[in-house]
Amino acid sequence: MLHDKQSTHRLLQSAAFAFLALAAPVLSIDGETTGGKLPFETIICGSLRMPVTSAAEYWKPYPTAGVYFTMPSTIPWLTCITGGEAGMIAEKSGALTVQCMHVRFGLMVDNLIRRNFLQLRPEAGLSSMMIGGTDGILVTNTKVFDKVENEYGLYLGIEPRIAWRNVRFSLPMRFERTFSSPERFDAVIVSLLAGYHFDL
């Protein structure tokens, strides 16, 4: 079991490095130079996370909030997004409430569907879910945490985005699967994002 977890961890690290290589800053977009400036976007985010499948048997839906950043990738039609959110997750029986943090790194397809100010962007990437106690220390793997551990996962989603000048608003929806042991932790996430675009 330990060997399997180490192999999975190494595989996910390799995938993360591949994503980071793809996200290397570029100074040209669509074949045109940016004049040495790098387009960059800061985003504040609030989300409602709804556990589904076996995770829904133990956990209530819960809100999270956080910050994200986007920047262009080395491929002109892909945008990179990274950041995280934190919140409190409660067990359905009411016996347990703990801190949690969700971190993700993903890629979004630009200009697939675009009309005036509205853009629809598919998104996919890597995620991590971390569970902690009220004192901030990670909780050990007790019976209830057999369902939810500090593990990596994958997510897929779609982001409807409205852009006006340098301001961006979006309402992304995602499905996230965390590969916990012995069962997965699945969640559907609906978010509200507000961002501002500037050049570094």
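Cut-off values and rules
Throughout, a residue's number is its position along its own chain's written sequence, starting from 1. Whole-chain, interface and lining totals are the exception, using all residues; otherwise, since this is a predicted model, local features are given only for residues with pLDDT of at least 70 and side-chain atom pairs are given and counted only at 80 or more. Calculated side-chain values reflect all of the structure's heavy atoms, with hydrogen atoms and water omitted. Helix numbering and strand numbering both begin at the N terminus, where a helix is a DSSP run of H or I of at least 4 residues and a strand a DSSP run of E of at least 2. Relative accessibility decides the category of a residue: with a 1.4 Å probe and only protein chains considered, values under 20% of the type maximum give buried, values over 50% give exposed, and everything between is partly exposed. A contact between two residues is defined here by any heavy atoms of the two lying within 4.5 Å. Per-residue and other accessible areas follow the Shrake-Rupley method at a 1.4 Å probe size, with only the shown protein chains counted as cover for residues. Whenever a nitrogen or oxygen atom comes within 3.5 Å of another N or O atom, the pair is scored as a polar contact, on the condition that within protein one atom can donate a hydrogen and the other can accept it, and that pairs from neighbouring residues in sequence are kept only if both atoms are in side chains. The set of buried Ala, Val, Leu, Ile, Met, Phe, Trp, Tyr and Cys residues whose side-chain atoms join them within 4.5 Å is what this entry labels a nonpolar core. A pair of strands is considered paired only if DSSP assigns at least 2 bridges between the two. The pairing test for Phe, Tyr and Trp rings, Trp by its six-membered ring, is centres within 6.5 Å, and the orientation test on the planes gives stacked under 30 degrees, edge-to-face over 60, and tilted for anything in between.

## Structural notes on the overall build of the protein
Okay, so step 1: Counting its secondary structure elements, the protein contains one helix and twelve strands.
Okay, so step 2: Expressed as a percentage of its 200 residues, the buried residues of the protein come to 40%.
Okay, so step 3: Put simply, of all contacts in the protein between residues at least 6 apart along the chain, 60% involve residues at least 24 apart.
Okay, so step 4: Looking at the protein as shown, the accessible area adds up to about 10900 Å², and 66% of this sits on carbon and sulfur atoms.

## A look at the environment of Ser47
Okay, so step 1: For Ser47, the position within the fold is in strand S3 (residues 39-52).
Okay, so step 2: Distance in space between the C-alpha atoms of Ser47 and Val190 is 5.6 Å, their sequence separation being 143 residues.
Okay, so step 3: The contacts of Ser47, once residues within four sequence positions are left out, are Tyr62, Pro63, Thr64, Glu85, Ile189, Val190 and Ser191.
Okay, so step 4: Within the local environment of Ser47, its side chain forms a polar contact with the side chain of Ser191, the two groups lying 2.5 Å apart.

## Topic: the nonpolar core
Okay, so step 1: Of all hydrophobic cores here, the largest spans ten residues; its members are Ala55, Trp59, Tyr62, Ile89, Val98, Cys100, Met129, Ile131, Phe185 and Ala187.
Okay, so step 2: Not counting residues within four places of it along the chain, the set of residues in contact with Tyr62 comprises Ser47, Leu48, Arg49, Pro51, Met88, Ile89, Cys100, His102, Met129 and Phe185.
Okay, so step 3: Core analysis: the next-biggest nonpolar cluster, separate from the first, contains seven residues, Ile43, Tyr68, Ile81 and Tyr155 among them.

## A word on the pairing of strand S9 (residues 151-164)
Okay, so step 1: The two faces of S9 differ: Glu151, Gly153, Tyr155, Gly157, Glu159, Arg161 and Ala163 on one face are buried, but Tyr152, Leu154, Leu156, Ile158, Pro160, Ile162 and Trp164 on the other face are not.
Okay, so step 2: Relative to strand S11 (residues 173-178), S9 runs antiparallel, the two being bridged by six bridges. Of the residues in S11, the one forming a bridge with Gly157 is Arg174.
Okay, so step 3: One ladder, built from four bridges, connects S9 with strand S10 (residues 167-170); its direction is antiparallel. Among the inter-strand pairings, Ala163 is bridged to a residue of S10, identified as Arg168.

## Topic: the packing of aromatic side chains
Okay, so step 1: Applying the stated criterion across every chain yields a total of two aromatic pairs.
Okay, so step 2: Relative to Phe69, the ring of Phe40 has its centre 5.7 Å away and its plane inclined at 25 degrees; by these criteria the two rings are stacked. Remark: Phe69 occurs in strand S4 (residues 62-72) and Phe40 occurs in strand S3; sequence separation between them is 29 residues.
Okay, so step 3: For Phe69, a relative accessible area of 34% corresponds to the partly exposed category.
Okay, so step 4: Note on Phe40 and Phe198: the rings are 5.5 Å apart at their centroids and 65 degrees apart in plane angle, and the pair reads as edge-to-face.

## Concerning the environment of Arg104
Okay, so step 1: Turning to its location among the elements, Arg104 is positioned in strand S6 (residues 97-109).
Okay, so step 2: With relative accessibility at 3%, the residue Arg104 sits in the buried group.
Okay, so step 3: In this view, Arg104 contacts Tyr68, Ile81, Thr82, Gly83, Glu123, Leu126, Ser127, Tyr155 and Arg174; residues no more than four positions away in its chain are not counted.
Okay, so step 4: There is a polar contact of 2.2 Å between the side chain of Arg104 and the side chain of Glu123.

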